[in-house]
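What the coordinates show
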Amino acid sequence: MAPTISKQDVAHVARLARLALSEEELELYTTQLASVLGHARDIEALDIADVPPTAHPFPLSNVLREDEPRPCLDRDEVLAAAPEVESARFRIPRILSEAP
Amino acid sequence: MSGSPSGSGEGPAALSGLTSLSARAIAAGVRSGELSAAAVLEEHLARVERWEQQVHAFNLVTADAARARAAQVDAAVAAGEDPGLLAGVPVALKDLLCTRGVPTTCSSRILAGWCPPYDATVVKKMAAAGAIVIGKANMDEFAMGSSTEHSATGPTHNPHDLSRVPGGSSGGSAAAVAAGFSALALGSDTGGSIRQPAALCGVVGVKPTYGLVSRYGLVAFASSLDQIGPFARSVADAALALDVISGHDERDSTSLPGEHPSVASRLGRGAEDLRVGVIAELASAEGMAPDVSAAVTDAAEALAATGAKVEEVSVPSVRYGLSAYYMIAPAEASSNLARYDGVRYGLRRDGNDITEMYMSTRAAGFGPEVKRRIMLGTYALSAGYYDAYYGKAQKVRTLMIRDFDLAYSSFDVLLSPTSPTTAFPLGAKTADPLAMYLSDVCTIPSNLAGHPAVSIPFGAGEDGLPVGVQVLAPALGEPVMLQVAEALEAVAPRGEAR
Amino acid sequence: MSSEAWGEAWETVIGLEVHCELRTATKLFCGCPNSFGDEPNVNVCPVCLGLPGSLPVLNKQAVELALRIGAALHSRAQSSIFHRKNYFYPDMPKDYQISQYDVPINAGGWLELPSGKQVGIVRAHIEEDTGKTTHIGGGGRIHEAGYSLVDYNRAGVPLVEIVSAPDISSAEEAREYVEELRGILVATGASDGKMEEGSLRVDCNVSVRPAGSEELGTRCEIKNMNSLRSLGRAIAYEAARQVEVRAGGGEVQQETRHWDESEGRTHSMRSKEEAFDYRYFPEPDLVTLSPSEDWVATVRANLGVLPAERRRRVAKAARVPASSEPVSTVVRLGLDGFVAAAVEAEADAGLALRRLANEVAGELGDDGGHHLGREEFARLVSMEERGELTSAQARSVLKIMVAEGGGPEEVAGRLGFEAMGAGALEAVVEDVVVANPREWGRYAAGDDKLAGFFIGKVKAATGGNADLRAASELLRRRRAGQ
């Protein structure tokens, strides 16, 4: 059985999810997530180790597309939606770490 | 009876004139030239003008574009062309269906003003059938909620009682149809988001088989559960709309291949000799109101009276549906909503570096319910908890599919309540997420199994507000499901308080 | 790593992860062109930009190429699924990458190095590429930049990631592995093999252990090597760093390190508090990928000849070991067709191999281009073999044929290389013998060293235009009284 969620867990999850939370929100979500997870105890208790998981309702396979080009979007339209643009590229604040 | 009277007299739910016509009647009239699309549209727009301020069904009313489109439809008819199955029918689109050049916001600050550069497949299909889009309907932000109170543009009010919620998340779509703003609406259903508001607003709402309707252009909440479906004021109208929007789409890998018979193919046959199972576990589910239970019992008896064979059936794993759903849906949502990061489109809040920008943008752009689900889903997927939560929930899905398969070996369709209660007062459940989540207890199993289900109005509760009953069917069982729904519709009591 | 640098105390264990951009017409999940060097953000659509509501649909040709790679690496093709790898990074439009996680399309396998050593393959799976981020200010370095710009043209380009077992034991072997893999990827048509353009990217896992030990030490992943040279340097640096840490009694931290080409060192990529948790789960927008047995069989049947088999063929023709240097050079440069042409013309394949590995390889342009015709090359080898050209002449003629084309007869004529007939050569040899009776006496008495003296005289007398092997043969025959 998974442990009850702590405020530290919630802070860690908020960081993973890139959500800045206030102290009040941290408190609130700790309580509320614990409540929902508490309700989920009923499935935690189920012994269904041998049951295969269902990721899709229907087992479709091999949905493939031919390697044929389709029209792209108009670049001006794409860039018009962006918060900040420079030299036809999306401008973003500095990045502190390399891609993982 | 509280609030505005329903079904008669004044009030947003009292329909008259062209706004009381069915979609079939409108399309038939427009196609034959007896009705003009423009006239139909103007009466609907007048109703919007009269009541929208109180109901707030829309995030955006696209009156000018609708008028231009109606003129095109009328011109086509005048030129001897057939504008299509939904010629001149006003429709509302839930504001998470992408509409080219028209804001699509998901009722979220993070997408305020975003205009997609493309149309959803269903939007194209609707346009090709001659439907007239009248506006983008309000919803719970990113379809997360059961009351349409979690909207950045404010709550939608139930046309039957403006002090009450319309249900959700497709509350704006349901309210638009109930209020006669449009004859049809499209919504999306991930855990009940079409059926529950349909029940609370006294209209018909269909959640189709997963994969019957393309999800391309539907802004994702939980990809393995989401399905687009219609709202209408009759089963026949819902069937017509579903026939228009369904079909294989090469842009959606999960779209079911092949041709399927019209979902209207069994309408008009009654329910005689069909086997109907009443799901025992849902009739007595947590929080089930006695008047709703009673309505389901009445519905079962009414069906039996028309010659159906009605029995109680056990589908044991449905009792785990809520828990499984609240692991799977938030998990998928946490991933689907990662892209709202302030880089390519939508809201951005400044930050000294990219991570600060992400965090402040998402903190400012998402409402509390969306944040809650992102947190829950991130937690359920995170290292050390996957097996206990997400992994296990996927196994519950398998169990549920097996249980349904067993039930459908003895029954053609199953019957249950749609929502445990009638429409509740605005604000009643916003402080208690779990209580809100319990609104979906009867609708969630169909999403987990990928099966179709429909909610149809069946009388009123003690408060005089609409009650919905749900007909469930196996995968691609829409024809028989709608057959039974129509039979129920024919015998349903109307409007009187229990 | 050769262990001499640190006495005999340590050995290096290396596993490589090679990302190969597939040569498809379109991206992995949408119909945008897969092309290099276009204006920024022109090859984008709702799918590869991650716009709300868009959905991926898998490119069949990407699967075909992935299957070819798997077949070439002796992998098992299997029913597979896609996962989402969740992390926030601005070059990734959805903030998750669609990749194959625990059930890849190709599992297991091996790759044979020219030396004959087999390196195990763990998996070769399909995933999507990211966009390109350019850092502005601070000399383009990420940490010192003022801001960054993103171009999504490459976002969603199909990749196959090939993960080797930790079977590689030196920087040189790592380079051989990448060279060999590149040859395979080009041979299968999966890749253009251009490491400099980023269509082949190599990350490596490096650990060290006491020589002879079976332990698997804590490894570091090294990224950002953009040439074979930097791969070798990075491994050498990293192995030395780890040895220093461990020899000094410290522990190597498991981490990802970035190779800095200008500084010639690796450095830790991120601050420690940034824990990565990718929250993998099955991609719900895609269905199972389960290539049919027919498809896999067709791919195998049409695979063509791979470098290892080509080396075997060349080696067999030239009667040398397949692991020999000239064989791998000739195959790596794609010159083995010339050996085959020589065999076809019944010319000496061994001589052909030497001329290809030495003269032709040395004369190729940077892009590997040349003007040498196969039949012409075979005729040249025959002419040299028959003594119609001396080896010096043949080499000169060959260089011109590589650079300009043309037939050996015409080029030799242009250079004034008269083909010296057997009779003429015999006369020269006779003259030289008669003119040097004392030396001939010693040679005739069995002093073989004098052969060199006579050959030198023949060479001088003919201005270098004589076939000296033929001259030696004439001398031997004369001594034997034939």
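Since this is a predicted model, take the numbers as computed values, not measurements.

What to know about the domain arrangement of chain C
Residue and element names in this part refer to chain C. Domain annotation for chain C reports domain 1 (3–301), domain 2 (307–415) and domain 3 (422–481). Its C-alpha centre places domain 1 at a distance of 36 Å from the equivalent point of domain 2. Counting from both sides, the interface comprises nine residues of domain 1 and, opposite them, eight residues of domain 2. Summing both sides of the interface, domain 1 and domain 2 together bury roughly 570 Å²; the carbon and sulfur share of this comes to 52%. When the area that domain 1 buries against domain 2 is broken down by residue, the three leading residues are E112, P114 and E180, summing to 63%. On inspection of domain 1 and its partner domain 2, the count reaches two salt bridges. Ionic pairing is found between R312 and E112, a salt bridge with its closest N-O pair at 3.4 Å. Counting the contacts that link domain 1 with domain 2 gives three residue pairs in polar contact (both at pLDDT 80 or more). In terms of residue count, helix α2 (residues 171–187) provides more of the side of domain 1 that touches domain 2 than any other element does, five residues in total. Looking at the side of domain 1 that touches domain 2 residue by residue, the class counts come to four nonpolar, two polar and three charged.

Re the environment of B:H248
Residue and element names in this part refer to chain B. By the element assignment, H248 lies in the loop between α7 (235–245) and β7 (275–279). Separated by 224 residues in the primary sequence, H248 and R24 have C-alpha atoms spaced 24 Å apart. Residues in contact with H248, not counting those within four places in the same chain, are S255, L256, P257 and G258. Within the local environment of H248, its side chain forms a polar contact with the side chain of S255, the two groups lying 3.1 Å apart. At 3.2 Å, the side chain of H248 and the backbone oxygen of L256 are in polar contact.

Observations concerning the confidence of the model for chain C
Here chain C shows a mean pLDDT of 90. Residues at 70 or above account for 96%. Across the whole predicted complex the pTM is 0.90, and at the interface the ipTM reaches 0.96.

Cut-offs and rules
- Residues numbered from 1 in each chain as written.
- Chains lettered and ligands numbered in written order.
- Predicted model: local features only at pLDDT ≥ 70, side-chain atom pairs only at ≥ 80, totals over all residues.
- Heavy atoms only, no water.
- Domains from an automatic or database assignment.
- Contact = heavy atoms within 4.5 Å.
- Buried area = accessible area lost by both parts, 1.4 Å probe.
- Salt bridge = Lys/Arg side-chain N within 4 Å of Asp/Glu carboxyl O.
- Polar contact = N/O pair within 3.5 Å; in protein donor to acceptor, adjacent residues only side chain to side chain.
- Helix = DSSP H or I, 4+ residues; strand = E, 2+ residues; numbered from the N terminus.
- Nonpolar A, V, L, I, M, F, W, Y, C, P; charged D, E, K, R; others polar.
- pLDDT = per-residue confidence, 0-100.

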